[in-house]
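Residue strings, one per chain:
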Amino acid sequence: MSLLPGSSFSFAHPALFTDLYQLTMMQGYFREGLHTQDATFDLYYRRNPYQGGYAVWAGLEVALDYLEALRFSAADLDYLRSLGLFKEDFLAALESWRFTAQVTAFPEGSVVFPNEPLLTVRGPLWEAQLVETALLNILNFQTLVATKAARCLSAVQTSRYGGSVVEFGTRRAQGPDGALGAARAAVVGGATGTSNVQAAALYGLTPVGTHAHAWVESFPTELEAFRAYARLYPDSTTLLLDTFDTLESGLPNALTVARELRAQGHELRGVRLDSGDLAYLSARVRAALDEAGFPDVQIVASNDLSEFVIESVIREGGRIDVYGVGTQLATGGGEGGGALGGVYKLVALHGEDRMKLTGDPRKTSVPGLKRVWRATDTQGRLVIDVIASLDEPQPQAGARVSDPANPLRNTRLGAGLTWTDPRHVVMEGGQRSGEPEALTTIQARAVADLQRLPEGTRRLLNPHIYRVSLSQDLQGRRDALVAELRERHGL
Ligand SMILES: Nc1ncnc2c1ncn2[C@@H]1O[C@H](COP(=O)(O)OP(=O)(O)OP(=O)(O)O)[C@@H](O)[C@H]1O
Ligand SMILES: O=P(O)(O)OC[C@H]1O[C@H](OP(=O)(O)OP(=O)(O)O)[C@H](O)[C@@H]1O
Ligand SMILES: O=C(O)c1cccnc1
């Protein structure tokens, strides 16, 4: 069951969850008579997290919950009035203010790449402006953590024995909201569970767990501690082996309890390793369990795990079934992690292209209303994404497309590709276009999409860079606007 059926998040004061400048600009647009202009903003990021080859797009359902909940309560307006910045006519207009815009986005769980518009908001300028902060807050973090989970899972999949990832990171996460959001995002990216009970209750997951060293330390002997736990949870006990010595004490005591449970008609579920060389120890523990007639007892491992540790443990012959990943997963940590730098840029105003010019060509935005075309080969593998103008037809074989960060690098599209337009309108008039998607559906999409990635792009270290290109039409519009802006501003 879920404590919040059909919904994934609740904000107490959603309209105030924004940067002050959004509100001061909103008042400005209102007083200048610009607030109802038809504006389009694109949300995208420029660099994959973890120096990887992709990201897993996560947080869309949370973002839609936020947009549907958005309104200014009487208490919000009183607070804004107390700041002395806002005039009464503006505050009065906020009383009935609602988010009424259209949102187009990749389905949550899709594999996505730098520079492509992941989400587009089109509607009255003051509405589209206000939501920048919260959308980036939600989507950057969810996407970062979902990508980390996917990387851990892809490391697990290098084992011919299979395995799964669970999220153990609440104690090290960035505060309570960070922990809940991370648990959700970890599941989007492929984790099969979380130890956080509130997250499980909110998102309709089954909480998972073993026991801590404190349990063993609270009994005169390790064996008594193991027996007491097994008595209480005869069908779901996982014993932690390393309080004193994994191979000399924990393992033999766990085998004793496994035999005692079986004599009573139950089975020990698992053992957990939490220190030492996890490859060596898990291979030794697996062999001992198998030899003693317990091939189904699972080996859980924890202790500062990351995608790279998982890959290494497997390469060295480790036999772990469940990887409990904490700090690195819940914080989105590790090299190239910490935060996803997604941005939200105005790309059109009443139908006319808009863009930000900058000295750094990688930061120059792509103007205009767009569509993303995604090509797959005959085996269903992703080949290339082409960002095109909204009204452009499906790309044709032989057409030239260019690198958004470097127009001099261009390429011709091959033949035999199947083109799809994966983005959909997910909100119209401020209302969801369909029912919220279940986390299980979103996770299944992520797992399937990751399988469609070329192996080199999925690689953890120095991956092959998946091509995201601009159509010639869009590149031409961008060049024309750059030239016009330079002339207008004397640059
Ligand atoms: N076979 C392996 N390959 C790569 N990394 C491993 C392997 N086994 C364990 N690790 C990782 O090595 C790191 C350190 O393990 P180490 O053995 O130093 O810690 P420990 O014995 O658990 O000590 P502590 O009790 O302080 O945690 C951990 O991040 C662990 O996940
Ligand atoms: O991926 P991680 O961040 O390691 O998260 C999981 C860890 O959390 C717990 O121990 P904790 O770290 O609290 O104590 P310990 O280091 O003494 O085991 C648990 O035993 C794992 O080792
Ligand atoms: O249940 C566990 O084993 C667990 C939960 C959180 C953190 N470390 C371990």
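Residues numbered from 1 in each chain as written. Chains lettered and ligands numbered in written order. Predicted model: local features only at pLDDT ≥ 70, side-chain atom pairs only at ≥ 80, totals over all residues.

Moving on: the overall build of the protein chain. Along the protein chain, the regular secondary structure elements total 17 helices and 21 strands. For the protein chain, whose C-alpha radius of gyration is 26 Å, the value lies close to the compact-globule estimate of 23 Å for 491 residues. For the protein chain, the C-alpha atoms occupy an extent of roughly 80 × 60 × 35 Å along the three principal directions. Taking all 491 residues of the protein chain together, 46% fall into the buried category. In the protein chain, once contacts between residues fewer than 6 apart in sequence are set aside, the share between residues at least 24 apart is 72%. (Helix = DSSP H or I, 4+ residues; strand = E, 2+ residues; numbered from the N terminus. Rg over C-alpha atoms; globule rule 2.2 N^0.38 Å. Buried ≥ 20, exposed ≤ 12 C-beta atoms within 10 Å, placed from the backbone. Contact = placed C-beta atoms within 7 Å.)

Attention now goes to the sheet that holds strand E16 (residues 400–403). Ordered by their spatial adjacency, six strands build an open sheet running E17-E16-E21-E15-E14-E18, and the pairing between neighbours is mixed. Of all strands in the sheet, those bounded by a partner on one side alone are strand E17 (406–412) and strand E18 (418–420). Strand-to-strand, the axes of this sheet are offset by a mean angle of 35°, without reference to chain direction. As paired elements, E16 and strand E21 (residues 467–471) share two bridges and run antiparallel to each other. The partner of Ser402 across the bridge, within E21, is Leu470. (Pairing = 2+ DSSP bridges. Axes fitted to C-alpha atoms, helices over the stretch in contact; angles between N-to-C directions.)

This part covers unusual backbone geometry. Phi is positive for Asn115, close to 75°, though the residue is something other than glycine. With respect to the secondary-structure elements, Asn115 resides in the loop between strand E4 (111–112) and strand E5 (119–124). The buried category is assigned to Asn115, around which 21 C-beta atoms lie within 10 Å. One non-glycine residue, Asn462, lies in the positive phi region at around 45°.

Attention now moves to the packing of helix H2 (residues 60–69) against helix H6 (residues 132–156). Where H2 meets H6, the closest approach of the two axes is 9 Å, and the angle between their N-to-C directions is 160°. As judged from the angle between their axes, H2 and H6 are roughly antiparallel. Between H2 and H6 lies a crossing whose hand is right-handed. For the pair formed by H2 and H6, the contact residues are Val62, Ala63 and Tyr66 on the first element and Ala134, Leu135, Ile138, Leu139 and Gln142 on the second. Class assignment for the residues of the contact of H2 with H6 results in seven nonpolar, one polar and no charged. (Parallel < 35°, antiparallel > 145°, perpendicular 65-115°, else oblique. Left-handed = near helix turned anticlockwise from the far one by under 90°. Nonpolar A, V, L, I, M, F, W, Y, C, P; charged D, E, K, R; others polar.)

Time to look at the environment of Ala438. Secondary-structure assignment places Ala438 in the loop between strand E20 (431–432) and helix H15 (439–451). The exposure class assigned to Ala438 is partly exposed, which follows from the 14 C-beta atoms found within 10 Å. The spacing of Ala438 and Phe41 is 397 residues in sequence and 27 Å in space, taken between C-alpha atoms.

What follows covers the sheet that holds strand E3 (residues 102–105). The strand order across the open sheet built from seven strands is E13-E12-E1-E5-E3-E19-E20, with neighbouring strands paired in antiparallel fashion. Both edges of this open sheet fall to strand E13 (352–353) and E20, since each of them pairs with a single strand only. As paired strands, E3 and E5 are joined by four bridges and run antiparallel to one another. Residue pairing for E5: Val103 is matched across the bridge by Val121. On top of the sheet, H2 reaches E3, strand E19 (424–428) and E20; it is set at about 25° to E19, its chief contact.

Taken together, Ser275, Gly276, Asp277, Leu278, Ala279, Asn303, Asp304, Leu305, Val309, Ser312, Val313 and Glu316 make up the full set of residues near ligand 1. For the shell around ligand 1, the per-class residue count stands at five nonpolar, four polar and three charged. (Near = placed C-beta within 6 Å.)

Of the strand pairs in this sheet, E16 and E17 are connected by four bridges, and their pairing is antiparallel. Counterpart to Val401 in the pairing with E17 is Thr411. Between E16 and E17, which pair antiparallel in sequence order, lie two residues.

It is worth spelling out the nonpolar core at this point. Buried together is how nonpolar side chains tend to be arranged in soluble globular proteins. Ranked by internal contacts, the top residues of the largest apolar core, which has 134 residues, are Ala149, Cys152, Ala254 and Tyr323. Per-element tally for this core: the top contributor is H6, with 14 residues. Once residues within four sequence positions are removed from consideration, Ala149 is found in contact with Val165, Ala185, Ala186, Gly189, Gly190, Ala191 and Leu329. (Core = buried A, V, L, I, M, F, W, Y, C linked by C-beta atoms within 7 Å.)

So, about the UniProt feature "domain: Nicotinate/nicotinamide phosphoribosyltransferase" (unreviewed entry) in the protein chain. Here the UniProt feature "domain: Nicotinate/nicotinamide phosphoribosyltransferase" (unreviewed entry) sits at residues 165–282. Annotated as 51% helix and 10% strand, the span residues 165–282 places its first and last C-alpha atoms 16 Å apart. (UniProt positions renumbered as here; feature names shortened; annotations may be inferred.)

Counting buried positions along strand E1 (residues 38–44) yields six of seven residues, so the element is predominantly enclosed. Bridge count between E1 and strand E12 (residues 343–349): six bridges; the pairing is antiparallel. Across the sheet, Asp42 pairs through a bridge with Lys345, a residue of E12.

The next point concerns the confidence of the model for the protein chain. Looking at the protein chain as a whole, the pLDDT averages 95, with 98% of positions reaching at least 70. Our summary of model confidence lists the complex with pTM equal to 0.97 and ipTM equal to 0.95. (pLDDT = per-residue confidence, 0-100.)

Summarising the element assignment, Glu61 is placed in helix H2. C-beta crowding within 10 Å serves as the criterion here: with 24 such atoms nearby, Glu61 is assigned to the buried category.

Another point: the environment of Val426. Inspection of the secondary structure puts Val426 in strand E19. Residue classification places Val426 among the buried positions, given that 22 C-beta atoms sit within 10 Å. With 366 residues separating them in the primary sequence, Val426 and Leu60 have C-alpha atoms 9.2 Å apart. Apart from the residues within four sequence positions on either side, Val426 is in contact with Leu60, Leu64, Val103, Thr104, Ala105, Arg432 and Ser433.

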